[in-house]
Every structure is written in C-alpha cells, then in structure tokens.
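The residues making up each chain are set out below.
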Amino acid sequence: MTRAGWHPTEQYLITPEKVQELFPLLNMDKVLAGLYNPGDGHIDPYSLTMALAAGARKYGAQLNYPVQVTNLNPRSDGTWEVETPLGIIQAKRIVNTAGFWARDIGKMIGLQHPLIPVHHQYVVTSTVPEVKALKTELPVIRDLEGSYYLRQERDGLLFGPYESEEKMKLQESWVTNGVPPGFGKELFESDLDRIMEHIEAAMEMVPVLRKADIVNTISGPITYSPDILPMVGPHQGVRNYWVAIGFGYGIIHAGGMGKYLSDWILEGEPPFDLIEVDPNRYGKWTTTQYTAAKARESYGFNNIVGYPKEERFAGRPTERTSGLYDLLKSRCSMGFHAGWEQPHWFYKPGDETGYKPSFRRTNWFEPVGREYKQVMEKVGVIDLSPFGKFKVKGTDSVKLLDHLFANVVPKVGSTNISHMLTPRGKVYAELTVSQLYPGEFMLVTGSGSELHDLRWIEEQITRGGYKVEIENMTDEMGVLSVAGPYARQVLQKLTNEDLSDASFKFLQCKNLKLSNIPVTAIRISYTGELGWELYHRKQDSVPLYNAIMEAGQKEGIDDFGTYALNTLRLEKGFRAWGAEMNCDTNPLEAGLEYFVKLNKAADFTGKQALKQIKEKGLQRRLVYLTLDTDNVDPEGNESVWHNGKVIGNTTSGCFSYGAQQSLAFAYVPMELSKVGQKLEVELLGKNYPATIIQEPLVLTEPTRMRLQRKGESPKM
C-alpha cells in the first residue's frame, strides 16, 4: 500500500465485511483484511492472441504460421536472415518471443538464455450450486498462506497452487535436449498428490470446494527465468537481436510489454524505466545449474512476504566471486549483486549473525552504525570488485566519449563522474570515467549495470563508426576501496608515491605499486570521505587486502560493507543510478546539473532535449528529507504526502547515524520543493513528519578541506 499511493493503479486495504461482500463463499474465521484491486480480471489467452493477430494483420503485419525457424544468420551490416522450410526471410532486426522455445532460438546464435520450464498445475471443478446462485462474478483471490489463486470458471471454480521448492517439478530435459519436436498444445501428466496440501488449504478457505467434483487437472509448461521476471529488450553482444522471453505469469504482462518493446524499437530508447527486466542482468555466470536452483526457489517463493533488503540464497555462490570471497565469507553477511557476493555488514563478537529480514530495524542496525563510525573516525576497507569495468582505447576514443557523455572528457590522469543520456534527455547510465593514458580510458559502472551500459556503448560505436576498442575487464579486475581520515596515512606506508593532497589531488588517477602490487589508484570515494579506489588484478586481491590491513593496525583499520556505504553516500547527498536517476528522470530534476555541460562543443546524445527541458522549466525535482520515525526507516518507493494527498515518492533512504534520524531522497512538485517545507512520508501504513533540508547533511572531505583552507568552519 505504501507504494500504491504514487502509482495510478487503484488498490485498497479492505475490512473483513467488505471482503465477505465481494466473495461471500469465504470461511471468514481466517480473514483479518484484504488487499483489493478493482481492475483485476481474467481473459482467455488464446482468444486474446487471435484478436491481436487480426488487428496486426489489419494494419499490414504479415503473419506466417505454423512456420519453424531452422536457423538464424547475422549479416555484417547488422541485418538478419531467418531460415525456414518455406524460404529465407530478410529482417532488420529479430525479436525472440518464442516462449518455451526461446532457449532453442538463442542457441542458434550461441546464446544460453537462462530459462527453464516449470510444471504448473491448476484444477477446474464442475458446477458448484453456491457459485451458480451468485448474481455477480467472484473476484480472483490469492491466498498467500495457502499459496494458491482461485477464481470463478463459468459456474464452477478454478484454482492453481504454487508448490514449495522441494515439491515443484522442472522439465530439465528440455534445457539440455531442447523442446521435443512437435510439442505444441500438449500437456504434462498431472500429479494431484504434489499439490494436496494446497487443495486442503483452499478447501478450508472456500468450504464449498469440499463438495465440488474436479473435472479437469491441467499441467503445462511455464517458462521461468531465475528471478521470475521476464527478459525484455535488446541483447548485449548481438546486433539487432531483441528478446521478450521468460514470462512466468504469461498473458498478464502482454499489453504492457508489447507496448514497451515496440516503443523502444521505434524511438531508440525505452519509454520508461524497467531495468528489472533487462535481459543483460544475466551473464556467463548464469549456468543451467544456477537457473534450475533459482527457478525452484522463485516458484516456491511466489506467495511469500517480500521484505526490504531481501536476500534469496539458492544457487549461491555462483562461479563469479571476488578474490576476497573465501577470506571474508564467514566474517560477514553477504549480499547478491549481479552474480557476485559482496559484504553487506561484518560480524563482531556478541552480534546476532545471519540474515534476519524485517520491516523494522533488525540485527544489522547496530553493526552498520559501528562501521559508519569506523569510516568517519578512523579508516575502513570495502570490497567493490562487483563494479562493471571497461577499457576503451583507439583513435576515436575521445570523440566517442564526448558524444556519449554529458560531461567533458577528463584530462590524462584525471577522473570524473559522467552520465549517458537518452535522446529524450533521460539518464541511461552513470559512470566514472578516467583517462589513464592519452586516448586510453577506464569506465566504471555499478554491478547491476555492467552489460546494460556496455550494450549501449557498443551500439553507439557501431552506429557512429568510431575507431575504438572496448574491453570488458569486470571479471579479471578486483577493486578495494580504502576510506576515512587515516586512509592516506595507511596507504602511504605501502608506496613511495607521494599521496599528499598536493601531489595526489581529489579525482586524480595514477598507476602505482602498493606493497609491490600494481594498482590503478583513483582518489575518489562513494563514502564522501578521504579515500582511494584501488583497481588491481583479481589474483592480487588477497595479498593487497592483507598488506593494507597489516599497514593499518596502528590506525585501527577495519572492514565495512555496502549498508554503511549507502548511509555514508546518502548523508553526503550523492545520487545513485537506479534510484535517484534512471530512464524516468532527467538529470536536471535529479540535481545533476554540475555534471551536465550544455555549453560543451560536442553535440552529445540528449543535449537538444535537455535544452528544451531547461527552457520549459521543471515540473518536479529531487529533494532531501529528514524524517521523525520510530524503529522504521525509508528504503525508497514510499508515498510522500502533503495536505492529505500523495504528491511524490521517495527514491532511497536510510537511518543517518550522524544526525540520529531517518534520511531520504524524494521527488516532489516544484511548488513543494523549498527548504523547510513540511511533508509526510508513509512507512508501514503510517505517515511520519518529514522536512526538506539543505543538502548535504555532511559535507564531503574535499569540500571540508577547501573551507578549512579558506578559514571557514565546515559542518560535519
């Protein structure tokens, strides 16, 4: 409900009386409340598909079926030849929408789409007199505890359960051997024993079911991706190959996804942000074993309660682990990031260890405060190896980056934060760009954006005919970040290179040796404190980490994880891609003007659109809020209220250990965006008072130093 407020879909929390009025056949002893979506319904997928096909034909689409695709040939100009028994079709682009054949299509061009068929069963009853007597059709119900859905089917009932991961069944032979030739509308053999506990739960909730006769048990394949979300959009590594596959819920996504995909193909950019379904969130690490383990878990978890900061443990770790994984795994709570394991927070004696999800502050709350203090007062080390890392070089490298990014191209030995915008001026990606040698760059992005960003860059290279090479270094390269007031003191013990502020300024990058290990060091830190990111060969991660920890004994060095990092970045007012900015936001409303150089000579992608946005004026903007809460903190996606109306949404949030209160970023209308404005943020069904404050809460270390040199006292 907290999210529903700022979305246009109607949704209500309703009383047992209202539940009974809508669905009079329920056993009300078990009902405390209901979540009601008036817009819900059901449709026959076959009839809908045929209606859409008729509409497409009417507007000039050519449909050929049944026609088998026997091969796909990519041509050097980016077009395709689609081979069929009836001849070859030439196509500018192809879209794989082949359902449970999607994997077989992918294999034709060397892709292993992480998809697996799941046996899903549903049961249909004969006429039930109590259902037949109803004046209006029953709404569909989902019973999360019993893990099933149930609805009216003519004068009877239909219900479908989701079994636990131990009981559910996968069709693994299709993954290894492909879909059997000729398989079409056939079904699998049903197995009522497998779903018996769910049938009993349904009978207890809807007692008329006990007397009903089962006339049909249907068991058929549903294609699952590891996280149940579909894969929709262009695919990295293959030109003009698009996918819309892995729809675990079938027809329900059809209208939205069809529009999303066709708009993107026509306009050259996604119409809105759906990073969750980006096919490039998977990679070489998504093996068949991983896909199977995850599909089992996801199917069994269909009806569980989803907590903030949720972790799911099946199929982990993948083969994609950082060099430090074995060293750190028993000392911390690990989180999953694009196949990697990354420390969320570290254990100390007396801590309640392990994963303890909650809607309120839980076992990590105090330890994260300890790590926050560690970085603010001493020095901390964090493993940032999951970053996406690319090397770009070639005669046109500067020209390419000038066209790709809204910021200027950094000079040799310098780093900056740069954004790739879409033609409509939305924020497609945020990267740090470093020019290591003349014409040779290192680009760094967040773990979840690696192939998403690489695909966009590769497409621009091809389109513009730029003479550059781009190499993905993500898996070969480790990253350690050292941050805090003693960071310089510790690292200086390991190198002859002068790390003083005069010699190694903020946002400079240098190749140097630490304890005789070659690293590319960038003076930058997402903590906003004094710090360096140290890029090195993955095999050097352990010796480098050990050398740093050894050198920092006197300074009281210690580990910190991504939860503390998130608090530190929020206190400094740093934005995060995917939260404060994405394909739904432009950089001006996100407060990124500093990084957008509208007056630079190059006509970068999105420049013209941004000029128009600036001229028209903004409708909303990102603001910085403090909240008065009790044992609950904002996470992002919560509704923001003013005068009894929802007027915006939070994008991320946390508890600020510095201010000892909750902190959040939120989008609100311009007229409500001034410092001092009082608002409310909805958390767990309660509105908490919030105030827009001047950002940031804590000045960054470089800013504090600058003010100190001028003789002003900086706010901490």
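Here, every reference points to the structure presented above.
Residues numbered from 1 in each chain as written. Predicted model: local features only at pLDDT ≥ 70, side-chain atom pairs only at ≥ 80, totals over all residues. Heavy atoms only, no water.

1. Notes on the packing of helix H10 (residues 365–377) against helix H15 (residues 562–571)
Selection criterion: Note on method: axes are straight lines fitted to C-alpha atoms, helices fitted across the in-contact stretch only, with angles between N-to-C directions ranging 0 to 180 degrees. Numbered from the N terminus, helices here are DSSP runs of H or I no shorter than four residues, and strands are runs of E no shorter than two. Comment on the angle field: the value is read as roughly parallel under 35 degrees, roughly antiparallel over 145, roughly perpendicular from 65 to 115, and oblique elsewhere. When the near helix sits turned anticlockwise from the far one by under a right angle, the crossing is termed left-handed; a clockwise turn instead gives a right-handed crossing. The contact rule is simple, with two residues in contact once any of their heavy atoms fall within 4.5 Å.
One way to put it is that H10 packs onto H15 with a least axis distance of 9 Å and a crossing angle of 60 degrees. On the basis of their axis angle, the class for H10 and H15 is oblique. As for the relative orientation of H10 and H15, their crossing is right-handed in sense. Of the residues in H15, those touching H10 at Val368, Glu371, Tyr372, Val375 and Met376 are Tyr563, Ala564, Thr567, Leu568 and Glu571.

2. Examining the nonpolar core
This is how the line gets drawn: Remark: nonpolar core denotes a set of buried residues (Ala, Val, Leu, Ile, Met, Phe, Trp, Tyr, Cys) joined through side-chain atoms within 4.5 Å. Think of it in three bands: residues with accessible area under 20% of the maximum for their type are buried, residues over 50% are exposed, and the middle band is partly exposed, with areas taken using a 1.4 Å probe on protein chains only.
In this structure, Trp364, Val368, Met442, Tyr535, Phe560, Leu610 and Tyr657 are the most contacted members of the largest nonpolar core, which totals 52 residues. Excluding residues within four positions of it along the chain, Tyr535 makes contact with Phe387, Lys389, Met442, Val444, Met477, Gly478, Val479, Pro518, Val519, Thr520 and Ile522. Tyr325, Cys332, Leu514 and Ala551 belong to the second largest nonpolar core, which has 31 residues in total.

3. Regarding empty space enclosed by the protein
The test is simple: Definitions used for this entry: grid spacing 1 Å over protein atoms alone; cavity, a set of points where a 1.4 Å probe fits but cannot get out; pocket, an open set with protein on both sides within 12 Å along at least 5 of 7 lines; lining residue, one with an atom within 4 Å of a point. Grid points are joined across faces, edges and corners, and a volume is the space filled by probe spheres set on the points. Polar here means any residue other than Ala, Val, Leu, Ile, Met, Phe, Trp, Tyr, Cys and Pro, which are nonpolar, and Asp, Glu, Lys and Arg, which are charged; Gly is therefore polar.
Summed over all chains, the structure comprises 5 cavities of 30 Å³ or more. Within this model, the largest cavity holds a volume of roughly 80 Å³. Forming the walls of the largest cavity are Tyr260, Trp264, Pro270, Phe272, Asp273, Leu274, Ile275, Asp278, Tyr428, His452 and Cys583. Residues that form the lining of the largest cavity fall into these classes: 8 nonpolar, 1 polar and 2 charged. If you add up the space inside the second largest cavity, you get close to 70 Å³. Every residue lining the second largest cavity is listed: Gly99, Phe100, Ala102, Arg103, Asp104, Leu115, Ile116, Pro117, Trp174, Val175, Val179 and Thr223. Only helix H3 (102–108), strand E7 (116–125) and helix H5 (172–177) provide two or more residues apiece to the lining of the second largest cavity. No other element matches H3, which puts 3 residues into the lining of the second largest cavity. Considered class by class, the residues forming the lining of the second largest cavity number 8 nonpolar, 2 polar and 2 charged.

4. A word on helix H8 (residues 288–300)
Put simply, the test is: Here, expected helix span is obtained from the residue count minus one, scaled by 1.5 Å.
Relative to the 18 Å expected for 13 residues at 1.5 Å per residue, H8 spans 18 Å between its end C-alpha atoms, a close match to the ideal helical length. What H8 keeps buried is the set Tyr290, Thr291, Ala292, Lys294, Ala295, Glu297, Ser298, Tyr299 and Gly300.

5. Considering the environment of Ala133
Here Ala133 is to be found in the loop between helix H4 (129–132) and strand E8 (141–143). Through-space distance from the C-alpha of Ala133 to that of Arg210 is 17 Å; in sequence the pair is 77 residues apart.

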